[in-house]
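Here's the letter readout for the chains.
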Amino acid sequence: MPQPTFRSFLGIAKESVFGTAVAATNFIPVKSMKPKDKQDFLEDAGQRGSMVDSYGKIAGTLMSEYDFDGDVFPDTIGFPLAGVLGDVTTTGASAPYTHAMAVLNTGTGQPPSYTLSDYYAITTRQYAGMKFSEVGLKFSGDGLLTYSAKAVALGSATASAPTPSYTAVTPLAGWVGAVSIGGSSNLTLIDGECTIKRPVDAISTVDGTQAPYALWSGPVSVSGKLTLVMEDDTQLLNYLNNSQPSLDINYAQGAGASAVQVKLHMTKAAYTAADIDRGKDYIALSVDYEAVANTTDIGGSGGYSPIKVTLQNALTTGTYK
């Protein structure tokens, strides 16, 4: 019998030991989930006197990739953000707790690993040892704040189905956001995006197991795009003069224990392109930017970081890391 797509759900939990699967502790409302187990096959190409080029396939390493996306919920968005950045400092004695996230620069510099639990009606598959390689946020004045996430994990395995439970937190409308460029409020942003990337390399060793020895996270980079109503040359000059202004995208709503926030702060946003766009009845400016690492946007591990992300929600210390 066919199985219904809309019964699917996604759970996540922080691991204590890399690759040791744990049951889901939080559940992420998602719009799409794209799991992919990646089995390598090694060719037996030893010639045997026949007009063929392959005599067999030998199982090689096994790992997986997992992409998912949806609307930003100010609590569960912390998992991919903490997973790609690594440095998390949580403050507050009660809700709302404040979670400050930046690049981790101490020890091995490795962010936390997670277990994803993907229920798809037939069964549940767990993806342990998961490391995030990319998190992108998109914002516009006429839509919801949305995200996409990409991750690498060990090969999947079946598990018991968890019982999903969701908070009462709602997604954020795009118009709720407040934008500042160079320390000044900007009311002309039409839409934009911010993408945090870091490569994740699979290290395979001769150790008697098919799974990678480690999934190793590399350096962090941050880039994005902005589309603004072009009222004057201010943002064009930021590009031409290489001014590298600060950039803040701040979404906050609610009060008291129900207050939530998603804030992206980049002390230095270097404009790498600025194109005047006459495709509509008004003139717009399309800007590409890259966040420059600095010693201001750092967490407790010090060093340099190109971005500092601040979340406010009801999740306690130790949830993300």
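As the structure is a computational prediction, the values presented were derived from the model and not from experiment.

So, how was this worked out
Residues numbered from 1 in each chain as written. Predicted model: local features only at pLDDT ≥ 70, side-chain atom pairs only at ≥ 80, totals over all residues. Heavy atoms only, no water. Phe/Tyr/Trp six-rings, centres within 6.5 Å; stacked < 30°, edge-to-face > 60°. Helix = DSSP H or I, 4+ residues; strand = E, 2+ residues; numbered from the N terminus. Buried < 20%, exposed > 50% of the residue type's maximum accessible area, 1.4 Å probe, protein only. Lys NZ or Arg CZ within 6 Å of the ring centre and 35° of its normal. Polar contact = N/O pair within 3.5 Å; in protein donor to acceptor, adjacent residues only side chain to side chain. Contact = heavy atoms within 4.5 Å. Salt bridge = Lys/Arg side-chain N within 4 Å of Asp/Glu carboxyl O. Core = buried A, V, L, I, M, F, W, Y, C linked by side-chain atoms within 4.5 Å. Pairing = 2+ DSSP bridges. Axes fitted to C-alpha atoms, helices over the stretch in contact; angles between N-to-C directions.

> Give me the lowdown on the packing of aromatic side chains, citing residues and values where you can.
Both the distance between ring centres and the angle between the ring planes are used here to describe each pair of aromatic rings. Counting across every chain of the model gives 10 aromatic pairs. With 6.1 Å between their ring centres and 65 degrees between their planes, phenylalanine 68 and phenylalanine 132 make a pair best called edge-to-face. Taken together, the residues phenylalanine 68 in strand E4 (residues 57-71) and phenylalanine 132 in strand E8 (residues 124-140) connect sequence positions 64 residues apart. Phenylalanine 68 sits in the buried class, given a relative accessible area of 3%. Both rings, one in phenylalanine 79 and one in tyrosine 114, keep their centres 5.9 Å apart while their planes meet at 80 degrees; by these two values the pair is edge-to-face. You can see phenylalanine 79 sitting in helix H1 (residues 78-85) and its partner tyrosine 114 sitting in strand E7 (residues 114-119), a full 35 residues away along the chain. Residues phenylalanine 79 and tyrosine 114 agree in their burial class; the two are buried. Taken together through their ring pairs, the aromatic side chains of Tyr66, Phe68, Phe79, Tyr114, Tyr127, Phe132, Tyr147 and Tyr320 make up a single cluster. Over the ring of tyrosine 55 we find arginine 48, and its NZ or CZ is 4.5 Å from the ring centre.

> Give a description of the side chain of glutamine 110 that names residues and reports values.
Take glutamine 110: it is sitting in the loop between strand E6 (97-103) and E7. Side chain to side chain, glutamine 110 and lysine 131 meet in a polar contact 3.0 Å long. Dropping the residues within four chain positions of it, glutamine 110 is found in contact with Leu104, Lys131, Leu215, Trp216 and Ser217.

> Please give an account of unusual backbone geometry that cites residues and values.
The omega angle of the peptide bond from alanine 95 to proline 96 is 5 degrees, so this bond is cis rather than trans. You can see proline 96 is positioned in the loop between strand E5 (86-91) and E6. Its identity as a non-glycine residue notwithstanding, alanine 121 has a phi of 70 degrees, on the positive side. Judged by its relative accessible area of 15%, alanine 121 falls in the buried class. For asparagine 242, which is not glycine, the phi dihedral falls at a positive 50 degrees.

> Could you give me a rundown of the pattern of salt bridges, with the residues and numbers involved?
Close approach of charged atoms allows side chains with opposite charge to pair. Inspection of the entire model under this criterion finds 5 salt bridges. Glutamate 43 is the partner of lysine 57 in a salt bridge, and the nearest nitrogen-oxygen pair spans 2.4 Å. Within this pair, whereas lysine 57 is found in strand E4, its partner glutamate 43 is found in strand E3 (residues 32-43), the two being separated by 14 residues in sequence. Under the relative-accessibility criterion, lysine 57 is labelled exposed at 54%.

> Give a description of the nonpolar core that names residues and reports values.
Core analysis: the biggest nonpolar cluster contains 59 residues, and Phe68, Leu81, Leu85, Met101, Phe132, Met266 and Ile307 have the highest contact counts within it. Per-element accounting of this core gives the leading share, 6 residues, to E8. For methionine 266, the residues in contact, after removing those within four places along its chain, are Cys194, Val222, Pro245, Ser246, Leu247, Tyr289, Ala291, Asp297, Pro306 and Ile307.

> Give a detailed account of the pairing of E6, specifying residues and quantitative values.
Of all the 7 residues making up E6, 6 are buried; the element is thus mostly covered by neighbouring parts of the structure. Direction of pairing for E5 relative to E6: antiparallel, over a ladder of 6 bridges. Looking at E6, one finds that valine 88 is bridged to methionine 101. Taking the residues that link successive antiparallel strands as the turn, the E5-E6 hairpin has 5 residues, and the phi of glycine 92 there is positive, at about 120 degrees.

> Lay out the sheet that holds E5 in plain terms, naming residues and giving numbers.
As a general point, the strands of a sheet are linked pairwise by backbone hydrogen bonds and lie either parallel or antiparallel. The sheet built from 7 strands is open, its strands ordered E5-E6-E21-E18-E17-E11-E12 with antiparallel pairing. Of all the strands in the sheet, just E5 and strand E12 (184-186) have a single pairing partner and so form its edges. Across the sheet, the mean angle separating the axes of adjacent strands is 20 degrees when strand polarity is ignored. Running at roughly 35 degrees to E6, H1 makes contact with E5, E6 and strand E21 (308-313) of the sheet.

> Run through the environment of alanine 252, naming residues and quoting values.
Structurally, alanine 252 is set in strand E17 (residues 247-253). Under the relative-accessibility criterion, alanine 252 is labelled partly exposed at 41%. When the C-alpha atoms of alanine 252 and alanine 23 are compared, they prove to be 31 Å apart, with 229 residues separating the residues in sequence. Dropping the residues within four chain positions of it, alanine 252 is found in contact with Val176, Val260 and Gln261.

Bear in mind that shape data such as this cannot, by itself, settle questions of function.
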